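Read off the chains here:
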Amino acid sequence: IWQETLEKLQKDLNPQHFSTWIKPIRLVSIERDTVRIAVPNRFFLSWIRDNYADLIQETLSDIGAVSYQLQIEVARPDEEKQDEPAPGKAAPSIEIKRSGTAVNPGVYNLNRKYTFASFISGSSNQFAYAAARAVASNPATTYNPLFIYGGVGLGKTHLINAIGNAILEENPDMRVCYYTSEKFMNELINSLRYAKMDEFRKKFRSMDVLLIDDVQFIAGKERTQEEFFHTFNSLYESHKQIVVTSDKFPKEIPGLEERLRSRFEWGLIADIQAPDVETKQAILKMKAEQNGIDLPENVALFLANSVSSNIRELEGYLVRLGAYASLTSTPITLAMAREVLKNILVEKRRELSIEEIQKTVATHFGIKVSDLKSAKRLKALVLPRQVAMYLCRQLTSCSYPEIGEKFGGKDHSTIIHAIKKIESKMAEDMQLSATVASIRSSLES
Ligand code: ADP
Ligand code: MG
């Protein structure tokens with residue numbers, strides 16, 4: 001029925017519209033009267049909702065003679081390019097084919113699209129990039145484990161896959177496994193259910209390189225942490241490379257067992273920060289080129305300047321512009337970009353208020369907002385107060401005197417001093433800078 005619907009739509013729609021908007025849609029499932037489809041990103045999703053959802057629903061209902069409900073979701077980027085294992089089966093490997101001949105059966109789930117060659121390094125990710133390179137050229141002899149952390153959409157999944165791909169280039173026979181921690185957990189649950197724990201253990205403990213993405217998800221999951229702990233030890237003891245990513249610094253992951261946390265700190269911890277404008281521009285240019293989108297310099301700068309630090313989101317805007325340009329057969333210009341992204345950018349630019357920042361910081365440190373505004377010199381209050389002042393300066397357009405006013409009428413020099421203080425502390429104290437980054441990202445989300 002989905003196939004027939006597509007055929008009908010292809011007949012009804014302008015070919016360019018069909019290939020831009022309908023072709024990339026994937027059918028997820030049809031259950032009774034509900035049809036679930038997946039689209040590449042959320043801009044696509046809103047476009048489909050506004051322009052094609054009714055048509056698709058009607059066409060489906062016509063063909064199936066059932067009144068179908070349409071559910072549209074965003075395909076998870078990790079799955080988009082990969083074949084999902086058949087449900088119920090233990091996940092089979094997705095094999096890497098090299099020059100069309102040799103197939104290495106010991107490679108699991110690596111995304112071949114994510115390589116070092118397609119990764120732009122800039123000051124925000126330099127450290128993590130260099131560490132990843134080092135690990136890739138000398139697995140298990142440099143940094144083990146390598147722990148990469150950073151906010152959403154900043155390139156963790158890309159980088160960890162790049163490590164796997166680079167290792168395989170040099171060592172085509174190595175056993176390399178990329179798993180998200182969720183997938184690790186699901187496979188564990190299945191193995192427990194079907195009494196296949198031996199197989200499970202053997203599989204993971206036979207890896208030369210284990211890449212675990214988004215490890216924060218196993219926090220609080222006792223059995224999974226236990227099993228991961230033993231896998232970790234076994235690999236570590238036999239000098240196999242382990243790389244882990246997370247959205248947070250190990251100490252900041254709530255519910256993560258102490259013994260795992262301490263192991264994550266055995267090797268090297270590298271952070272990825274929000275990209276600066278130049279890096280964003282460079283990434284945009286590369287992605288535009290890859291997708292055959294003609295992106296003028298000033299539009300790249302406009303995008304880099306006005307949108308958030310999430311690179312996945314940035315890519316989404318680019319795709320939207322590219323689609324719009326091809327639909328309307330007009331080149332991308334600054335005016336067009338402003339128009340097309342108008343609604344989204346307004347939403348993004350809504351400025352945070354000092355009160356919101358104070359509230360979030362106070363909650364994070366478990367203190368009262370009134371304590372932030374007070375002049376008490378208690379150590380437990382001074383640091384949060386400085387953090388709050390710093391974030392107010394970073395995230396609002398308020399002047400020093402205005403900030404001082406909202407902090408119980410403090411002098412502007414007090415504010416400047418506090419901000420200098422926190423900046424120098426952050427430069428030395430990785431955990432503090434991680435704390436500030438996490439408060440910041442919760443404010444910005
Ligand atoms: P995370 O796992 O940190 O949420 P991803 O690795 O999924 O982020 O990155 C999101 C998107 O941004 C991907 O398409 C990725 O290719 C792209 N990306 C992120 N950082 C870079 C970079 N430095 N250079 C090129 N592309 C990048
Ligand atoms: Mg990721």
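Everything below is about the structure printed above this text.
Below: a short report on this structure. This is a predicted model, so every value here is computed, not measured.

Criteria and thresholds
Residues numbered from 1 in each chain as written. Chains lettered and ligands numbered in written order. Predicted model: local features only at pLDDT ≥ 70, side-chain atom pairs only at ≥ 80, totals over all residues. Heavy atoms only, no water. Phe/Tyr/Trp six-rings, centres within 6.5 Å; stacked < 30°, edge-to-face > 60°. Helix = DSSP H or I, 4+ residues; strand = E, 2+ residues; numbered from the N terminus. Buried < 20%, exposed > 50% of the residue type's maximum accessible area, 1.4 Å probe, protein only. Salt bridge = Lys/Arg side-chain N within 4 Å of Asp/Glu carboxyl O. Expected span 1.5 Å × (residues − 1). Patch = residues over 30% accessible without salt bridge, like charges linked within 9 Å, V, L, I, M, F, W, Y side chains within 5 Å. Areas by Shrake-Rupley, 256 points an atom, 1.4 Å probe, with all protein chains shown as cover. Core = buried A, V, L, I, M, F, W, Y, C linked by side-chain atoms within 4.5 Å. Contact = heavy atoms within 4.5 Å. Near = heavy atom within 4 Å. Polar contact = N/O pair within 3.5 Å; in protein donor to acceptor, adjacent residues only side chain to side chain. Nonpolar A, V, L, I, M, F, W, Y, C, P; charged D, E, K, R; others polar.

## Here's the deal with the packing of aromatic side chains
Tallied over the entire structure, the rule returns 15 aromatic pairs. Summarising the aromatic geometry, the rings of Phe-116 and Tyr-129 are spaced 5.8 Å apart at their centres and angled 90° between planes, so their arrangement reads as edge-to-face. With a gap of 13 residues between them, Phe-116 in the loop between strand S6 (107-108) and helix H6 (126-137) and Tyr-129 in helix H6 connect regions that are remote in the sequence. Taken as a pair, Phe-116 and Tyr-129 share a single burial class, namely buried. Geometrically, the ring pair formed by Phe-119 and Tyr-129 is stacked, given 5.8 Å between the ring centres and 5° between the ring planes.

## So, the pattern of salt bridges
Evaluation of the coordinates by the stated rule reveals 18 salt bridges. As a salt-bridge pair, Glu-187 and Lys-203 come within 2.6 Å of each other at their nearest N and O atoms. Placement of the pair is Glu-187 in helix H8 (residues 181-193) and Lys-203 in helix H9 (residues 197-205), with a sequence separation of 16 residues. Here Glu-187 and Lys-203 have matching classes, each one buried. A salt bridge links Glu-265 to Lys-251; the nearest nitrogen and oxygen atoms lie 3.6 Å apart. Residue Glu-265 is found in the loop between helix H11 (258-264) and strand S11 (268-272), and its partner Lys-251 is found in the loop between strand S10 (241-246) and H11; the two are separated by 14 residues along the sequence.

## Description of helix H12 (residues 277-290)
Here H12 spans 20 Å end to end across 14 residues, near enough to the 20 Å set by a 1.5 Å rise per residue. Two residues or fewer after H12 comes Gly-292, characterised by a positive phi angle close to 65°.

## Examining a nonpolar patch on the surface
Residues Ile-1, Leu-27 and Ile-30 make up a contiguous nonpolar surface patch of about 190 Å² in total accessible area. Note on placement: Ile-30 falls in strand S1 (residues 26-31).

## Some words on the nonpolar core
Phe-147, Val-215, Phe-228 and Phe-264 are the most contacted members of the largest nonpolar core, which has 29 residues in total. Those elements that provide at least two residues to this core are strand S7 (146-150), strand S8 (176-180), H8, H9, strand S9 (209-213), helix H10 (222-237), S10 and H11. Sort the elements by how many residues they give to this core and H10 lands first, with four residues. Other than its neighbours up to four places away in sequence, Val-215 contacts Phe-147, Ser-181, Phe-228, Val-244, Thr-245, Ser-246, Ile-253 and Phe-264. Ranked by size, the runner-up nonpolar core spans 28 residues in total, among them Phe-116, Leu-159, Ile-167 and Val-176.

## Section: the environment of Phe-119
The topology assignment puts Phe-119 in the loop between S6 and H6. C-alpha separation for the pair Phe-119 and Tyr-129, spaced ten residues apart in sequence, amounts to 8.7 Å. Contact partners of Phe-119, with chain neighbours within four places excluded, come to Asn-125, Tyr-129, Gly-155, His-158 and Leu-159.

## Section: the environment of Glu-227
Inspection of the secondary structure assignment puts Glu-227 in helix H10. On the accessibility criterion, Glu-227 (2% relative accessible area) is buried. Taking C-alpha positions, Glu-227 is 9.7 Å from Phe-184, a pair spaced 43 residues apart along the chain. Apart from residues no more than four positions distant in its own chain, Glu-227 is found in contact with Phe-184, Leu-188, Met-197, Phe-200, Arg-201 and Arg-205.

## A closer look at the site of ligand 1
Among the 19 residues in the neighbourhood of ligand 1, the closest are listed as Ile-120, Gly-153, Thr-157, His-158 and Glu-315. Gly-153 is positioned with one of its backbone polar atoms (N or O) 2.7 Å from an oxygen atom of ligand 1. One nitrogen or oxygen atom from the main chain of Leu-154 is found 3.2 Å from an oxygen atom belonging to ligand 1. Alone, ligand 1 offers 560 Å² of accessible surface; in the complex the protein occludes 96% of this. Elements with a contribution of two residues or more to the shell around ligand 1: helix H7 (156-170), H12 and helix H14 (311-328). A class-by-class count of the residues in the shell around ligand 1 yields eight nonpolar, seven polar and four charged.

## Comments concerning the side chain of Asn-310
Structurally, the position occupied by Asn-310 is in the loop between helix H13 (297-306) and H14. Here Asn-310 falls in the buried class, since its relative accessible area comes to 13%. A distance of 2.8 Å separates the side chain of Asn-310 from the backbone nitrogen of Arg-312, its partner in a polar contact. Apart from residues no more than four positions distant in its own chain, Asn-310 is found in contact with Val-152, Gly-153 and Leu-154.

## Some words on H8
Here H8 contains 13 residues, and its C-alpha end-to-end distance of 18 Å stays within 8% of the 18 Å for a straight helix at 1.5 Å per residue. Turning to H8, its buried residues number three or more, namely Ser-181, Lys-183, Phe-184, Met-185, Glu-187, Leu-188 and Ser-191. The secondary structure elements touched by the buried residues of H8 are S8, H9, S9 and H10. Among the residues trailing H8, Ala-195 stands out with phi positive, at a value near 50°.

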